[in-house]
Amino acid sequence: PVTGTSIAFLIDTSGSMDSPPAKKGPITGLRRTRTARTRLEAAKEQLVMATQVMAPESQYYLLTFADNARTWTRTPIRPGRNSTRLLTGLLSRLNARGGTNLYAGLIAALETEGRSYGDDALPKIDELFILSDGDPTTGEVRDTDSICELVQQANNYAKIRINAVFTGTGKGAALLRRLADENGGV
């Protein structure tokens, strides 16, 4: 469930997200919908469903990462019918390519780079959802222990609840579960 009032959704758009999603595991959402063909498609579906059940007074931001991190929304989006159309339009522009720089995405979401004391230019979030297959392949930090340690240090100040939606198969699940467990999420 989405419990925050200011949420960031961080979607993995690396090349591995073009692979088929996991066949096992819990299914979220309507049973009538067709099965996602790719991990990215599964992540997009989960994000749209999450925004549709958000409280009307909440707001969200969209960020992506592959080789680098990118912030798609600098101003917050309020959930609603019009914003769902805006979101699906944004999501239709996302394609899977490049490496998986999970660390860059997390740091962008936690807003630790470039923020100085008293800087209000960057948005403040209280909950983060990572939608990924979770296996870092590129970037300055790829080691699981290092990523978790650095994120936990950064989050000591940001105090953001980190949740993870695993869309893949393999060892990436353990990293995403650890990030969520160590940062008050699910």
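J.: Please clarify how the pattern of salt bridges should be interpreted in this entry.
T.: Any two side chains of opposite charge can pair, so long as their charged atoms come close to each other. The final tally for this structure, using the stated rule, is five salt bridges. A salt bridge links D133 to R39; the nearest nitrogen and oxygen atoms lie 2.9 Å apart. Of this pair, D133 sits in the loop between strand 4 (127-132) and helix 4 (144-158) while R39 sits in helix 1 (residues 39-52), placing them 94 residues apart in sequence. Each member of the pair, D133 as well as R39, is classed as buried. D145 is paired through a salt bridge with R178; the nearest N and O atoms lie 2.5 Å apart. With D145 in helix 4 and R178 in helix 5 (residues 172-182), this residue pair connects regions lying 33 residues apart in the sequence.

J.: Teacher, can you tell me more about the nonpolar core here?
T.: It is characteristic of soluble globular proteins that their nonpolar side chains tend to be buried jointly. The biggest cluster of nonpolar side chains holds 25 residues, and the ones touching the most others in it are L106, L128, I130 and L179. Sorting the residues of this core by element identifies strand 1 (6-12), strand 2 (59-65), helix 3 (102-110), strand 4, helix 4 and helix 5 as the ones contributing at least two each. The biggest single contributor to this core is helix 3, with six residues. Other than its neighbours up to four places away in sequence, L128 contacts A8, L10, L106, A109, I160, R161, I162 and N163. Grouped together as the second largest cluster of nonpolar side chains are 21 residues, V2, F9, W72 and L91 included.

J.: What am I meant to see in the sheet that holds strand 1 here?
T.: Within a sheet, each strand pairs with its neighbour through backbone hydrogen bonds, oriented either parallel or antiparallel. On the basis of which strands lie adjacent, the open sheet formed by five strands has the order 3-2-1-4-5 and mixed pairing. This sheet does not close on itself; its edge strands, each paired only once, are strand 3 (69-71) and strand 5 (161-166). Strand-to-strand, the axes of this sheet are offset by a mean angle of 20°, without reference to chain direction. Relative to strand 3, strand 2 is paired through three bridges, and the arrangement is antiparallel. When the bridges of strand 3 are listed, L63 appears paired with T71. Strands strand 1 and strand 2 of the sheet are contacted by helix 2 (residues 81-92), whose axis makes an angle of about 5° with strand 2.

J.: What is the right way to look at the packing of helix 1 against helix 2 in this model?
T.: Pairs of packed helices are described in terms of their axes, by the angle between the two and the distance that separates them. Where helix 1 contacts helix 2, the two axes come as close as 11 Å, and the packing angle between them is 165°. In this view, helix 1 runs roughly antiparallel relative to helix 2, as classed from their interaxial angle. Helix 2 is crossed by helix 1, and the crossing has right-handed handedness. Two secondary-structure elements touch here, helix 1 through K44, L47, V48, T51 and Q52 and helix 2 through T84, L87, T88, L91 and S92. Per-class residue counts for the contact of helix 1 with helix 2 are four nonpolar, five polar and one charged.

J.: Got a minute to help me understand helix 3 in this structure?
T.: Three- or four-residue spacings in an α-helix give side chains the same orientation, since the helix completes a turn every 3.6 residues. For helix 3, a buried count of seven out of nine residues is recorded, marking the element as mostly surrounded by other parts of the structure. Taken together, the buried positions of helix 3 are occupied by L102, Y103, G105, L106, I107, A109 and L110. Looking at the residues trailing helix 3, positive phi occurs at E111, about 60°.

Calculation criteria
- Residues numbered from 1 in each chain as written.
- Predicted model: local features only at pLDDT ≥ 70, side-chain atom pairs only at ≥ 80, totals over all residues.
- Heavy atoms only, no water.
- Salt bridge = Lys/Arg side-chain N within 4 Å of Asp/Glu carboxyl O.
- Helix = DSSP H or I, 4+ residues; strand = E, 2+ residues; numbered from the N terminus.
- Buried < 20%, exposed > 50% of the residue type's maximum accessible area, 1.4 Å probe, protein only.
- Core = buried A, V, L, I, M, F, W, Y, C linked by side-chain atoms within 4.5 Å.
- Contact = heavy atoms within 4.5 Å.
- Pairing = 2+ DSSP bridges.
- Axes fitted to C-alpha atoms, helices over the stretch in contact; angles between N-to-C directions.
- Parallel < 35°, antiparallel > 145°, perpendicular 65-115°, else oblique.
- Left-handed = near helix turned anticlockwise from the far one by under 90°.
- Nonpolar A, V, L, I, M, F, W, Y, C, P; charged D, E, K, R; others polar.

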